[in-house]
Amino acid sequence: MTVVLADILKGKRSVAISGHVRPDGDCVGACLGLYMYLLKEYPDLEVDVYLEEIPQAFHILDKVEEIKHQIPVKNPYDLFICLDCGDKSRLGFSETLYEQAGHTVCIDHHISNQAFADENYIVPDASSTSELIYTLLDKEKITGPIAEALYMGIVHDTGVFQYSCTSPSTMEIGAELLRKGINGSKIIDQTYYEKTYIQNQLLGKALLESFLILDKQCIVAVLEKKDLVFFEAEASDTEGIVSQLRLTKGVEVALFMYEVETHLYKVSLRSKEKVDVSVIAKFFGGGGHARAAGATITGTKYDVINQVTEQISFQIGKESK
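Computed from a predicted structure; not experimentally measured.

Draft legend 1. The overall build of the protein, seen in detail. The helix and strand inventory of the protein stands at 12 helices and 11 strands. A compact globule built from 321 residues would reach a C-alpha radius of gyration of about 20 Å, and the protein, at 19 Å, matches this within 12%. Overall size of the protein, expressed as C-alpha extent along the three principal axes, is 60 × 45 × 40 Å. The burial tally for the protein puts 51% of its 321 residues in the buried class. Partitioning the intrachain contacts of the protein with sequence separation of at least 6 by distance along the chain shows that 64% fall at a separation of at least 24. Here the protein displays about 15000 Å² of accessible surface, and carbon together with sulfur accounts for 49% of that area. Taking the average location of the 31 positive side-chain charges in the protein and that of its 46 negative ones, the two points are 4 Å from each other.

Here it is, written out as structure tokens:
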């Protein structure tokens, strides 16, 4: 499907932009990049962006203070643009605005996306939703702040251009964004690599207590709610742990999970080459990509580990035959 931004906006007077719960770098970058572009190029359009509280590291971007975290009392929006979200239920608090909007559009790169909006622009081969947003914009009209947001989004969903989703066009887009005069190294350091002391403590505990299973092809790490309480940490402080586990030599799949509430775990999966973790996540009602996916699963710690690793073993078993 070919999407033209002007066609999407034709006849619209008000637009809401939103992304998934627990917004990551790509979600925030795509939402703010599009938001700033619409503010600049469509000054007569009423535009608002809705997201849950975002990680402090992302506050280096322009317009973060304009993100709305609550639903105001107002007339329904003419258009709701859903970014980087494979299921409307994952919109969280902004799902109400989605349901009330006159028209809905979804722009996403998750293979698990079921094309739930009125119009859908789903490209699973794209590295990120931020990359897709770039393709919709007039390149000459992308400002430095817009470029920073989109660059951050691409950096986060490609693991700084190292994951298999990174294509030649992804690298070319990254280069074009750098030509806008942005400080790419600063964005990478401050939003991707730099960790707080609390984040490093959580990572250390996860690594120290991790263990190998499935003939050492799968590494598992778990943080319970009491751990987050002890370190006075937020859920967002666990960002990056699963990616570090994935780097373990000889490991094909990394499984990291943390307890959201009693017997409810947020599960993150990363793989290298053999296992399509999006299939596993979808089995548990989640979603994602072939090499990065996740789900929220109910059960005891051991129940969840056993259920997920059983699904992993099915794929590893097929590969070994």
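Draft legend 2. Region of interest: helix α8 (residues 197-208). The terminal C-alpha atoms of α8, which comprises 12 residues, lie 16 Å apart, in line with the 16 Å expected from a rise of 1.5 Å per residue. Those residues of α8 not exposed but buried are Q199, L202, L203, K205 and A206. The buried residues of α8 all sit within an arc of 165° when viewed along its axis, so they share a single face. Every exposed residue of α8 that faces more than 90 degrees away from the buried side is listed here: Y197 and L208. If you follow the buried residues of α8, they end up packed against β7 (218-223), α9 (225-230), α10 (241-246) and β8 (253-261).

Draft legend 3. Representation of the packing of helix α4 (residues 129-136) against helix α6 (residues 168-178) in the model. α6 packs onto α4 with a crossing angle of 65° between their chain directions and a minimal axis gap of 11 Å. When the axes of α4 and α6 are compared, the pair comes out roughly perpendicular. α6 is crossed by α4, and the crossing has left-handed handedness. In contact with E131, Y134 and T135 of α4, α6 contributes S169, T170, I173, E176 and L177.

The rules behind each value
Residues numbered from 1 in each chain as written. Predicted model: local features only at pLDDT ≥ 70, side-chain atom pairs only at ≥ 80, totals over all residues. Heavy atoms only, no water. Helix = DSSP H or I, 4+ residues; strand = E, 2+ residues; numbered from the N terminus. Rg over C-alpha atoms; globule rule 2.2 N^0.38 Å. Buried < 20%, exposed > 50% of the residue type's maximum accessible area, 1.4 Å probe, protein only. Contact = heavy atoms within 4.5 Å. Areas by Shrake-Rupley, 256 points an atom, 1.4 Å probe, with all protein chains shown as cover. Lys, Arg positive; Asp, Glu negative; His and termini not counted. Charge placed at Lys NZ, Arg CZ, Asp CG, Glu CD. Expected span 1.5 Å × (residues − 1). Arc of directions from axis to C-beta. Axes fitted to C-alpha atoms, helices over the stretch in contact; angles between N-to-C directions. Parallel < 35°, antiparallel > 145°, perpendicular 65-115°, else oblique. Left-handed = near helix turned anticlockwise from the far one by under 90°.

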